[in-house]
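Next come the chains, spelled out residue by residue.
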Amino acid sequence: MPRRALAAAAVALVLPLSACGSGGDDSGPTDASGKIEGDITFQTWNLRANFKPYFEGLVADFEKKYPGTRVKWIDQPAEGYPDKISADAAGGTLPDVVNVSPDLVAPLAKAGMALDLDKAAGKYKSEYLSGAWASHQVPGMSGTYAFPWYLNTGPLFYNKSLFTRAGLDPSSPPKTYGDLFADALRMAKKSDGKVATLANVPTIEDFGRYGVQLMNKEGTGFAFNDAKGIELLTEYKQLYDAKALDPQALTATPESSGRKFLTEAVAMNPGSALDLGNFKKQAPDLYKNIGITDQITSTGHVNMYVMGVMVNSRTAHTPAAVAFAHFVTDAHNQMSFAKKVAIFPSTAGSLDDPYFTKEDGTDETRVRIAAAKSLKNAVNYTPVLFSDQMKTALRNEVAKALQGKQSPKAALDNAVKACDQLLKQQG
Amino acid sequence: MAGVSRVRRQLPTSPWLFAAPGLLITGAFVLYPFVSTVVNSFTDRRTLIPGHFVGLANFRELLHDDMFWTGLRNSTLYIVGVVPALVILPLLLALLVQKNIPGITFFRSAFYTPVVASVVVVGLIWVWLLDERGLVNSLLRTVGIGRVGFLSDQWLLLLSAMAVTVWKGLGYYMIIYLAALANVPRELHEAAAVDGAGPVRRFLTVTVPAVRSTMVLVAALSSVAAFKVFSEVYLMAGPSGGPAGEDTTLVMLVQRTGTGLTGRVGYASALSVVVFVVTVALMLLVLRADRREEP
């Protein structure tokens, strides 16, 4: 019996080791030219609650167009979505078609789990905005690993009442970083440190929008510790010391800073056209005083967020999966989706539709038109290789600089070193 | 007797058949993940990439990882801050609610309520209370004290999380003490009272020795739980572990390092092995101290 127990223990030890090896790079099928048929699964990211009829209609339309196909739509909650994908990917149960963001695509592409659409569906490339198509390319790899889906960007919201109380002109919000920092310091001084203007520490997008070079040209290392990066962090340090940056910014999340803006504890917050509805419903007093201004950027390009639809390279029905991913993201369906929610299509020419160009006097339309206009040359400043661990490393070093525990230069040098190390470990 | 022996001879495997479901479940959900974690700790495995055997490289790396030392420091501080409070306060609470007086059930239930509340809800409520604009700061302002950065100062944040852990754990350990107190012979108290001992002396000379084993059990349980703390600190300090990650605990570091599509499963496993070794050492230490003090 002890010998058998020993054997069982040895098997238990060896089993996990059997997973060790070189794997992870088998690229799977790339041919999407066969007959479009079979059962596929399609996973979205927290969209069922608000858009169930839209997606059910989409699936029904696809199945009608391609008899012999069946699409099973599954939706995952927003919280922990990357963890859900990683569990599925590691367990070999990744759905055939998956809603992803560029930073999720990069590790999946590196592990050989995302289909290269340049090879499998290159004929559709011209249907999309070129910047959007490129957003799912991974430095160091050739190919494009997801169809671009919807885009989003947003203005900067500000609280006119708090501006007035601080002696600032509510009809003249800051347009440049210089204006922003000056107004923030004035507001903090006037309110004796009780009202902050911003509630978040600078993120990688902020560095990008400020004009900092984020990565080297080859995409093999980070470079945001340049003079411009140090300048931005030094400005934020001044804001933090003057309480123009909320003291809880060091531990804030986008949700918590949004709440601070709703409760009028901070005067400015980035957002999207979606937020206007929230303000109206959750904070009517704030809504009456809401000011809307353009995103501040030193590069002339605002930041945009890109969503994509990836095809699992190990799907058993590549033609059907590619056809469905294209169907979801084609101009007609993106336009229908954009009319249901404040997002923007990534298909070429769609942003010229009167829906995105014609004023009707409402705030919602004004924000939509301004956003659509800025999207034409917007940039996704978050590098696709910038992982969650890197975000934490940058955030921690920035916090140390703001607290005065190290200089802005040392903080950014350390952050770049940590991110480069993590990049190396990603392989 | 002969019949029983015959049955035993005829069915030598029957005990194993009865035990099989339990053994299978334990093997699949306890033993296998544990062994897998130990094996992974010697590899450079990542979420999507199986990795290779790297020997002790992960353990060597964590010795040079500042975040590991920060996590170890905070997890250890958590034991120091939480365990004495969770050994003493529930005992005092149990003494208060031990007596059968009208309405005492209400108090017992009230003290137990935080135990059954979800830790996420508890964490969120305390975050609202301790926010710069929360109730606690409003009260402090009304008595002339300025805003206190419970959620923005590194040490206050850790203390706040400890307070929540103690608040949430009081009722649980109170129940354990109530059971122990019920077994203390009343005659001992009466004899001590006849000898002129007051309530404090009776507590120290009768109650404490009688519940000493329970105190050791509470110390062991609470120190292991404190060393493995995650939820309270995560909810109050945020996913980055407080300002500059200074409030990160070891288990938070395991979560942050090992999850997501780019998670370093091998390194996170090495951290988990360290947590396991320390918790086992803690248990042994407490139990050994108990044995040494046995009369």
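Analysis parameters
- Residues numbered from 1 in each chain as written.
- Chains lettered and ligands numbered in written order.
- Predicted model: local features only at pLDDT ≥ 70, side-chain atom pairs only at ≥ 80, totals over all residues.
- Heavy atoms only, no water.
- UniProt positions renumbered as here; feature names shortened; annotations may be inferred.
- Helix = DSSP H or I, 4+ residues; strand = E, 2+ residues; numbered from the N terminus.
- Rg over C-alpha atoms; globule rule 2.2 N^0.38 Å.
- Buried < 20%, exposed > 50% of the residue type's maximum accessible area, 1.4 Å probe, protein only.
- Contact = heavy atoms within 4.5 Å.
- Lys, Arg positive; Asp, Glu negative; His and termini not counted.
- Charge placed at Lys NZ, Arg CZ, Asp CG, Glu CD.
- Expected span 1.5 Å × (residues − 1).
- Bend = angle between axes of the 7 residues up to and from the residue.
- Polar contact = N/O pair within 3.5 Å; in protein donor to acceptor, adjacent residues only side chain to side chain.
- pLDDT = per-residue confidence, 0-100.
- Core = buried A, V, L, I, M, F, W, Y, C linked by side-chain atoms within 4.5 Å.
- Phe/Tyr/Trp six-rings, centres within 6.5 Å; stacked < 30°, edge-to-face > 60°.
- Lys NZ or Arg CZ within 6 Å of the ring centre and 35° of its normal.
- Buried area = accessible area lost by both parts, 1.4 Å probe.
- Salt bridge = Lys/Arg side-chain N within 4 Å of Asp/Glu carboxyl O.
- Nonpolar A, V, L, I, M, F, W, Y, C, P; charged D, E, K, R; others polar.
- Pairing = 2+ DSSP bridges.
- Axes fitted to C-alpha atoms, helices over the stretch in contact; angles between N-to-C directions.

Per an unreviewed UniProt entry, chain B goes by the name ABC transporter permease and belongs to Streptomyces griseochromogenes. UniProt annotates chain B under Sequence similarities (unreviewed entry) with the comment "Belongs to the binding-protein-dependent transport system permease family." Among the UniProt annotations of chain B, the heading Subcellular location (unreviewed entry) holds the following wording: "Cell membrane".

Okay, the overall build of chain B next. Counting secondary structure elements, chain B contains 14 helices and zero strands. Listing each helix as α and each strand as β along chain B from the N terminus yields α-α-α-α-α-α-α-α-α-α-α-α-α-α. Here chain B has a C-alpha radius of gyration of 24 Å; the compact-globule value for 295 residues is 19 Å, and the former is much larger. Reported as C-alpha extents along the three principal axes, the dimensions of chain B are approximately 85 × 70 × 35 Å. Across the 295 residues that make up chain B, the buried fraction comes to 43%. The contacts of chain B with a sequence gap of at least 6 include a subset with a gap of at least 24, amounting to 67%. Side chains of chain B carry 23 positive and 16 negative charges; the gap between the two charge centres is 9 Å.

A few words on helix 4 (residues 66-98) of chain B. Residues and elements named next belong to chain B. Over its 33 residues, helix 4 extends 47 Å from the first C-alpha to the last, a length consistent with the 48 Å expected when each residue adds 1.5 Å. Where helix 4 bends most, the angle comes to about 30°, and this point is V82, followed within four residues by the proline P84. Between the side-chain oxygen at the start of helix 4 and the backbone nitrogen of M67 there is a gap of 2.9 Å, and the oxygen is on D65.

On to the UniProt feature "transmembrane region" (unreviewed entry) in chain B, then. With numbering aligned to this structure, UniProt lists the feature "transmembrane region" (unreviewed entry) at residues 16-35, 77-97, 109-129, 155-182, 203-227 and 265-287 of chain B. With 100% helix and 0% strand, the stretch residues 265-287 of chain B has end C-alpha atoms that lie 33 Å from each other.

As annotated in UniProt, the feature "domain: ABC transmembrane type-1" (unreviewed entry) corresponds to residues 72-286 of chain B in the numbering used here. Helix makes up 76% of residues 72-286 of chain B and strand 0%. Its end C-alpha atoms lie 19 Å apart.

All names here are of chain B. Positionally, F227 belongs in helix 11 (residues 212-227). Separated by 149 residues in sequence, F227 and Y78 have C-alpha atoms that sit 6.6 Å apart. Setting aside residues no more than four positions away along its own chain, F227 makes contact with L72, S75, T76, I79, L250, V251, V275, V278, T279 and L282.

Let's shift gears to the confidence of the model for chain B. All names here are of chain B. On average, residues of chain B carry a pLDDT of 90, and 95% of them reach 70 or more. Across chain B, the secondary-structure element scoring lowest on mean pLDDT is helix 1 (residues 2-10), at 56, and the one scoring highest is helix 3 (residues 57-63), at 96. Of the two predicted TM-score estimates for the complex, the pTM is 0.85 and the ipTM is 0.81.

Once that is clear, we can look at the nonpolar core. By size, the foremost hydrophobic cluster in this structure holds 126 residues, and its most contacted members are F55, L108, F224 and F337 of chain A. At eight residues, the largest contribution of residues to this core is made by helix 14 (residues 318-329) of chain A. Apart from residues lying up to four places away in sequence, F337 of chain A is in contact with L47, F51, Y54, F55, W149, Y150 and I343 of chain A. With 65 residues, the next largest nonpolar core counts F68, Y177, M236 and A268 of chain B among its residues.

Residue and element names in this part refer to chain A. Per the stated rule, a full pass over the model turns up 37 aromatic pairs over all chains. Plain terms: the ring middles of Y54 and F55 are 5.1 Å apart, the flat faces sit at 85° to each other, and that makes the pair edge-to-face. Comparing Y54 with F55, the two get one shared label, buried. With a centroid separation of 5.1 Å and 80° between ring planes, the pair formed by Y355 and F356 is classed as edge-to-face. The exposure class assigned to Y355 is partly exposed, which follows from its relative accessible area of 23%. According to the relative accessible area criterion, F356 is buried, its value standing at 2%. An aromatic cluster of at least three residues, connected via ring pairs, comprises F42, F51, Y54, F55, F62, Y66, W73, W149, Y150, F324, F327 and F337. If you follow R368 out to its NZ or CZ, it ends over the ring of Y355, 3.9 Å from the centre.

Attention now moves to the interface of chain B and chain A. Contacts between the two partners involve 39 residues from chain B, matched on the other side by 46 residues from chain A. It is L48, L261 and T262 of chain B that lose the most area in chain B upon contact with chain A, and together they represent 18% of the buried surface on that side. The interface formed by chain B and chain A includes one salt bridge. On the surface where chain B and chain A come into contact, there are 14 residue pairs in polar contact (both at pLDDT 80 or more). Secondary structure elements with two or more residues in the side of chain B that touches chain A: helix 2 (14-40), helix 8 (154-182) and helix 13 (250-258) of chain B. Per-element accounting of the side of chain B that touches chain A gives the leading share, five residues, to helix 2 of chain B. Its residues assigned to classes, the side of chain B that touches chain A comprises 14 nonpolar, 15 polar and ten charged.

All names here are of chain A. Across the sheet, which stays open at both edges, the three strands sit in the order 6-5-7 with antiparallel pairing between neighbours. Sheet topology places strand 6 (268-270) and strand 7 (290-293) at the edges, where each strand pairs with a single neighbour. Each neighbouring strand pair of the sheet contributes to a mean axis angle of 25°, computed without reference to strand direction. The sheet contact formed by strand 5 (residues 156-159) and strand 6 spans three bridges and is antiparallel. Following the sheet pairing, Y158 is matched in strand 6 by M268. Sheet strands touched by helix 11 (residues 254-262): strand 5, strand 6 and strand 7. Its angle to strand 6, the strand with the most contacts, is close to 140°.

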